[in-house]
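Single-letter residue listing:
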Amino acid sequence: TIFAHGYFTVNGQKMSKSLGNVISPKQLIDRYGVDGTRYLLLSAYPFGSDGDISLKRFDEKYNSDLANGLGNLVSRVAKLCETSGLSFAYDVPPGFRHQVKQQFEAYRFDLALAETWKKISDIDSSIERHRPWDLSQKQLRPVLTELVASVRQIAYELQPFLPDTATAVLKQFSGPKISAVKPLFPRL
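Residues numbered from 1 in each chain as written. Predicted model: local features only at pLDDT ≥ 70, side-chain atom pairs only at ≥ 80, totals over all residues. Heavy atoms only, no water.

Section: the overall build of the chain
Spelled out, the test is: Strands here are runs of E lasting at least two residues and helices are runs of H or I lasting at least four, both read from the DSSP assignment and numbered beginning at the N terminus. The criterion used for residue contact is that any of the two residues' heavy atoms lie within 4.5 Å. Exposure was quantified through the Shrake-Rupley algorithm and a 1.4 Å probe, taking into account, for residues, occlusion by the shown protein chains and nothing else. Charge counting treats Lys and Arg as positive and Asp and Glu as negative, with His and both chain ends excluded. Think of each charge as sitting on NZ of Lys, CZ of Arg, CG of Asp or CD of Glu.
Along the chain, the regular secondary structure elements total six helices and three strands. Pairs at least 24 apart in sequence give 74% of the contacts found in the chain among residues at least 6 apart. Total accessible area on the chain is roughly 10400 Å²; 55% of this is exposed by carbon and sulfur atoms. Each charge class in the chain can be summarised by its mean position, and for the 24 positive and 19 negative side chains these summaries are 3 Å apart.

Shown next, in the form of structure tokens:
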């Protein structure tokens, strides 16, 4: 199947050299990285539709979704695993969750990503609810095992969108010991 993207405008105007509002892919990659740029473009609007690019909105989305959302979740869970001293068997995720696969098949990459980000938000809420840092070692194991499985599932689902990031997270969470590493997406 060939399915082309729509046109991009910048701050509501057609890109034009004479207006001086052309944004090159290299500028985006230099600012957000390859995976960050791919994520921002695919999550911004329905694939195939025209879309408006705003560096200010991209900065906000990069910080909220990638640095504070995905990056913070991965860092938090890895640090909890590291300080717990526990080991985790590697369980390969079974595949894409139904709701993500359904959006993929409809070429709604923005909605597939929204499903994955909903899971990130749900996991963050679960961490706040369970407060793993306050649990005994015996209580902590099942909570962390579930968190590790969830992070692995998220990384699996992000492979088509953020291949380098997903590979790094899957490697970091391959176990048996999981350690914290430098942040995936530093804040802008």
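Describing the sheet that holds strand β1 (residues 8-10)
The cut-off we apply is this: By this definition, two strands are paired if DSSP reports at least two bridges between them.
Here we have three strands laid out as an open sheet, ordered β2-β1-β3, and mixed in their pairing. The open sheet is flanked by β2 (13-14) and β3 (51-53), the only strands paired with a single partner. Here β1 runs beside β2; their pairing, made up of two bridges, is antiparallel. Considered in β2, the bridge of T9 is made with K14.

What to know about the packing of helix α2 (residues 55-84) against helix α4 (residues 109-130)
Basically, it comes down to this: Lines are fitted to the C-alpha atoms to define the axes, a helix being fitted only along its stretch in contact, and any angle between axes, read from their N-to-C directions, falls within 0 to 180 degrees. Orientation categories follow fixed angle ranges, with anything under 35 degrees roughly parallel, anything over 145 roughly antiparallel, 65 to 115 roughly perpendicular, and all other angles oblique. The sense of a crossing depends on the near helix, which, turned anticlockwise from the far helix by less than a right angle, makes the crossing left-handed and, turned clockwise, makes it right-handed. Amino acids are sorted into nonpolar (Ala, Val, Leu, Ile, Met, Phe, Trp, Tyr, Cys and Pro), charged (Asp, Glu, Lys and Arg) and polar (every other residue, Gly among them).
The N-to-C vectors of α2 and α4 enclose an angle of 50°; their axes lie 11 Å apart at closest approach. Judged by the angle between their axes, α2 and α4 are oblique. At the point where α2 passes α4, the crossing takes the left-handed sense. Residues D65, L66, G69, L70, L73, R76 and V77 of α2 lie in contact with α4, whose contacting residues are W117, I120, I123, D124, I127 and E128. For the contact of α2 with α4, the per-class residue count stands at eight nonpolar, one polar and four charged.

Here's the deal with the environment of T116
Put simply, the rule is: For every residue, the accessible area (1.4 Å probe, protein chains only) is compared with the maximum for its type, and the residue is labelled buried under 20%, exposed over 50%, or partly exposed between those bounds.
If you trace the backbone, T116 turns up in helix α4. For T116, a relative accessible area of 0% translates into the label buried. Each C-alpha atom, one on T116 and one on G36, is 15 Å from the other, the two residues being 80 residues apart in sequence. If near-sequence neighbours (up to four positions away) are discounted, T116 is found in contact with R97, V100, I154, E157 and L158.

Describing unusual backbone geometry
For the bond running from G175 to P176, omega is 5°, close enough to zero to count as cis. Considering the arrangement of structural elements, one finds P176 in the segment after α6 (163-172). The residue Y107 is not glycine, and still its phi comes out positive at about 60°. With respect to the element layout, Y107 can be found in the loop between α3 (98-105) and α4.

A word on the packing of aromatic side chains
Aromatic rings considered in pairs are described by the distance between their centres and by the relative angle of their planes. The test is simple: Centres within 6.5 Å make a pair out of two Phe, Tyr or Trp rings, where for Trp the six-membered ring is used; the pair is then stacked when the planes are under 30 degrees apart, edge-to-face when over 60, and tilted otherwise.
Using the criterion set out here, one finds 14 aromatic pairs in the structure. Taken together, the aromatic side chains of F3, F47, F96, F104, Y107, F109, Y156 and F161 make up a single cluster linked through ring pairs.

Quick look at the pattern of salt bridges
A side chain with one charge may pair with a side chain of the opposite charge, provided their charged atoms come close. Stated precisely, the cut-off is as follows: Salt-bridge detection follows one rule: a side-chain nitrogen of Lys or Arg within 4 Å of a carboxyl oxygen of Asp or Glu.
The tally for this structure, following the rule as stated, stands at twelve salt bridges. K61 is the salt-bridge partner of D65, the closest N and O atoms lying 2.9 Å from each other. Of this pair, D65 and K61 are both found in helix α2, four residues apart, which corresponds to roughly one turn of the helix.

Concerning the side chain of R97
Keep this limit in mind: Think of a polar contact as two N or O atoms within 3.5 Å of one another; within protein, one of them needs to be a possible hydrogen donor and the other a possible acceptor, and neighboring residues in sequence only count if both atoms come from side chains.
Within the secondary structure, R97 is located in the loop between α2 and α3. With a relative accessible area of 18%, R97 lands in the buried category. Within the structure, the side chain of R97 is placed 3.4 Å from the backbone oxygen of E115, a separation counted as a polar contact. Sequence-distant contacts of R97, that is, excluding residues within four places in its chain, are made with E115, T116, K119, Q153 and E157.

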